[in-house]
Amino acid sequence: MRTQVAIIGAGPAGLMLGHLLHLSNIDSIIIENRAKDYVIERVRAGVLEQGTVDLMIASGVGDRLKRDGLRHDGVWLAFNGERHRIDFLGLTGKSVVVYGQNEVVKDFIAAREASERPLHFEVSDVRVRDVESARPKVCLQKDDDEHEIVCDFIAGCDGFHGICRPAFPSGFLQCYEKDYPFAWLGILATAPPSSEELVYALHERGFALYSMRSARVTRLYLRCAPDEKISEWPDDRIWEELQTRLGTKDGWRINRGTITQKAVTPMRGFVADPMRFGNLFLAGDAAHIVPPTGAKGLNLAAADVRFLTHALVAYYKTGSSDELNNYSAKCLKRVWKAQRFSWWMTSMLHRFGTANDFDYRRQIAELDYLTGSRAAMTSLAENYVGLPIE
Ligand SMILES: Cc1cc2nc3c(=O)[nH]c(=O)nc-3n(C[C@H](O)[C@H](O)[C@H](O)COP(=O)(O)OP(=O)(O)OC[C@H]3O[C@@H](n4cnc5c(N)ncnc54)[C@H](O)[C@@H]3O)c2cc1C
């Protein structure tokens, strides 16, 4: 098989890249080791920055998003039993849209299938070769047969546990890591949201987040231990704990419903630098992950893909590699700003380790200052809706 760009991974990064390249008449082959249904049903992120929304609409995959996406003009911060609103629209003129990652993936798979360009699910034993040469190769197994893709470039969009980043020569990458001493127990429930916007809560018993995926489905999170056993969290215990942490003096209550999914999500910050080796380029979670508090993971993947598309289009149109040479530095500048914001939101809203009255009171003071200062609220809002894509 021969193509211009071999894309490894059909998550948001790989699918978006394939679609944007298609619109620029650049050939690609996308390979994915999971089954199509599994990829579509995987529930993960759900908050799209305005730049990600604009990208989907401008590239012709925004019809369902425009119809079903929930526009949010702000979020709530809850502490000391009170809720305080951060008005994104009033402070920045921008909003975010709640639209599940699985819906994003569904839209891009449909666009890929309509383009009739190759997208192969359930491949295995994927390896990259000769990435420093002008003819890099991707080897894989499909239906017990061995295949080889010869290409100009490989896009490693295979997530944090993929094979592309480990294929960089040892010592070439500088990896920066931050482990957080807690995780999130996340649930998906069939229950109409009782708040129109997300609620982030700092409570003595720990962090909680109230969010939603649609007018009928809520997505809720509780801070828990990284090795928390889900078996110790029967549904009633989850609902009671959520109500305790999210409850406010105004009597606001969360709607309960059938819990359809429970999972523990680790909290980690990670950045690989550079995001390129030879003609192998990393994009999305393959190169960096952020704790989900700032809702940045999927949006960072979209920004990487936009930069990479731009660089590949410039290369094929003009023969110039300048943009490709700038790709890693351009992405990392944005990635580090998102790491900073995600770390700041996480540190402000989570109790670290054992109860420490000094830190808890300092955190309450920070939230009190933040929600009383237009300058501080603007800073949160402009990061949350997404910094400009330069
Ligand atoms: C468990 C989990 C929960 C999350 N929850 C949230 C959340 O609540 N809020 C939030 O904002 N963000 C969340 N995120 C982050 C967000 O989902 C990611 O940032 C986003 O998925 C990044 O997209 P991606 O395409 O770069 O990577 P991925 O979505 O990970 O896609 C990578 C793809 O590559 C495939 N792949 C892997 N290895 C290979 C291989 N060898 N060959 C071929 N294909 C391969 C994978 O199957 C996958 O389909 C979560 C992430 C995870 C992992």
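Scroll up to find the structure this text is about.
Throughout what follows, the structure given in this document is the object of discussion. (Residues numbered from 1 in each chain as written. Predicted model: local features only at pLDDT ≥ 70, side-chain atom pairs only at ≥ 80, totals over all residues. Heavy atoms only, no water.)

## Re the overall build of the protein chain
Which entries qualify depends on this criterion: Note on conventions: DSSP H or I runs of at least 4 residues are helices, E runs of at least 2 residues are strands, and numbering of each starts at the N terminus. In this description the radius of gyration comes from C-alpha coordinates, and the expected globular size is given by 2.2 Å times residues to the power 0.38. Accessibility here uses a 1.4 Å probe with only protein chains present; expressed as a share of the type maximum, an area under 20% marks a residue as buried, one over 50% as exposed, and anything in between as partly exposed. The contact definition used throughout considers only heavy atoms, calling two residues in contact when any of these lie within 4.5 Å. Every accessible area reported is derived by Shrake-Rupley at a probe size of 1.4 Å, with residue values counting cover from the shown protein chains alone. When charges are counted, Lys and Arg contribute as positive and Asp and Glu as negative, whereas His and the chain ends are disregarded. To locate a charge, the coordinates of NZ of Lys, CZ of Arg, CG of Asp or CD of Glu are taken.
Counting its secondary structure elements, the protein chain contains 11 helices and 20 strands. Relative to a compact globule of 390 residues, whose C-alpha radius of gyration would be 21 Å, the protein chain shows 21 Å and is just as compact. C-alpha extents for the protein chain along the principal axes are approximately 65 × 40 × 40 Å. With 390 residues in all, the protein chain has 54% of them scored as buried. Nonlocal contacts in the protein chain, meaning residues at least 24 apart in sequence, comprise 71% of its contacts between residues at least 6 apart. Looking at the protein chain as shown, the accessible area adds up to about 16900 Å², and 48% of this sits on carbon and sulfur atoms. Side chains of the protein chain carry 48 positive and 50 negative charges; the gap between the two charge centres is 3 Å.

## A few points about the packing of helix α9 (residues 322–349) against helix α11 (residues 374–384)
For clarity, the threshold we go by: Lines are fitted to the C-alpha atoms to define the axes, a helix being fitted only along its stretch in contact, and any angle between axes, read from their N-to-C directions, falls within 0 to 180 degrees. An angle counts as roughly parallel when it lies under 35 degrees, as roughly antiparallel when it exceeds 145, as roughly perpendicular when it falls between 65 and 115, and as oblique in every other case. What makes a crossing left-handed is the near helix being turned counterclockwise from the far one by less than a right angle; a clockwise turn instead makes it right-handed.
The contact between α9 and α11 brings their axes to 11 Å, and the two run at 125°. Regarding the angle of α9 to α11, the classification is oblique. The hand of the α9/α11 crossing is left-handed. Facing α9, whose interface residues are Arg340, Phe341, Trp344 and Met345, α11 presents Leu380, Asn383 and Tyr384.

## Considering the side chain of Ser28
Here Ser28 is to be found in strand β2 (residues 28–31). Since its relative accessible area comes to 2%, Ser28 is described here as buried.

## Brief notes about the pattern of salt bridges
The condition is simple: The term salt bridge refers to a pairing of a side-chain nitrogen on Lys or Arg with a carboxyl oxygen on Asp or Glu at a separation within 4 Å.
In total, this model carries 26 salt bridges according to the counting rule given. A salt bridge links Glu148 to Arg129; its shortest N-O distance comes to 3.3 Å. Separated by 19 residues along the polypeptide, Glu148 in strand β11 (residues 145–150) and Arg129 in strand β9 (residues 124–129) bring together distant segments of the chain. By relative accessible area, which is 32% here, Glu148 ends up partly exposed.

## Examining the pairing of strand β14 (residues 199–203)
The condition that has to hold: Pairs of strands are assigned from DSSP output, requiring at least two bridges between the strands.
The element β14 is largely enclosed, with a buried count of four among its five residues. Pairing geometry for strand β5 (residues 74–79) and β14, over three bridges, is parallel. Residue pairing in the sheet places Ala78 in a bridge with Ala201 of β14. Hairpin connection from β14 to strand β15 (residues 206–212): two residues lie between these consecutive antiparallel strands.

## With respect to helix α1 (residues 12–23)
In an α-helix, one full turn covers 3.6 residues, which means residues spaced three or four apart are oriented alike. The following threshold applies: The span you would expect from a helix comes to 1.5 Å times its residue count less one.
In this model, α1 (12 residues) spans 17 Å end to end at C-alpha, consistent with the 16 Å of a helix rising 1.5 Å per residue. Counting buried positions along α1 yields 10 of 12 residues, so the element is predominantly enclosed. Taken as a whole, α1 has its buried residues at Pro12, Ala13, Gly14, Leu15, Met16, Leu17, Gly18, His19, Leu20 and Leu21.

## A few points about the site of the ligand
Put simply, the rule is: One heavy atom within 4 Å of a molecule or strand makes the whole residue count as near it. Contacts described as polar in this section are N or O atom pairs within 3.5 Å, which, within protein, must combine one atom able to donate a hydrogen with one able to accept it, while residues neighboring in sequence count only if both atoms come from side chains.
Around the ligand, 28 residues are found, and the nearest of them are Glu32, Arg42, Gln101, Tyr221 and Asp285. Between the ligand and Asn33, the relevant distance is 3.3 Å, taken from a nitrogen atom to a main-chain nitrogen or oxygen of the residue. The separation between an oxygen atom of the ligand and a polar main-chain atom of Leu298 is 3.4 Å. Summarising the interface, the protein chains cover 84% of the accessible area of the ligand, which totals 990 Å² for the free molecule.

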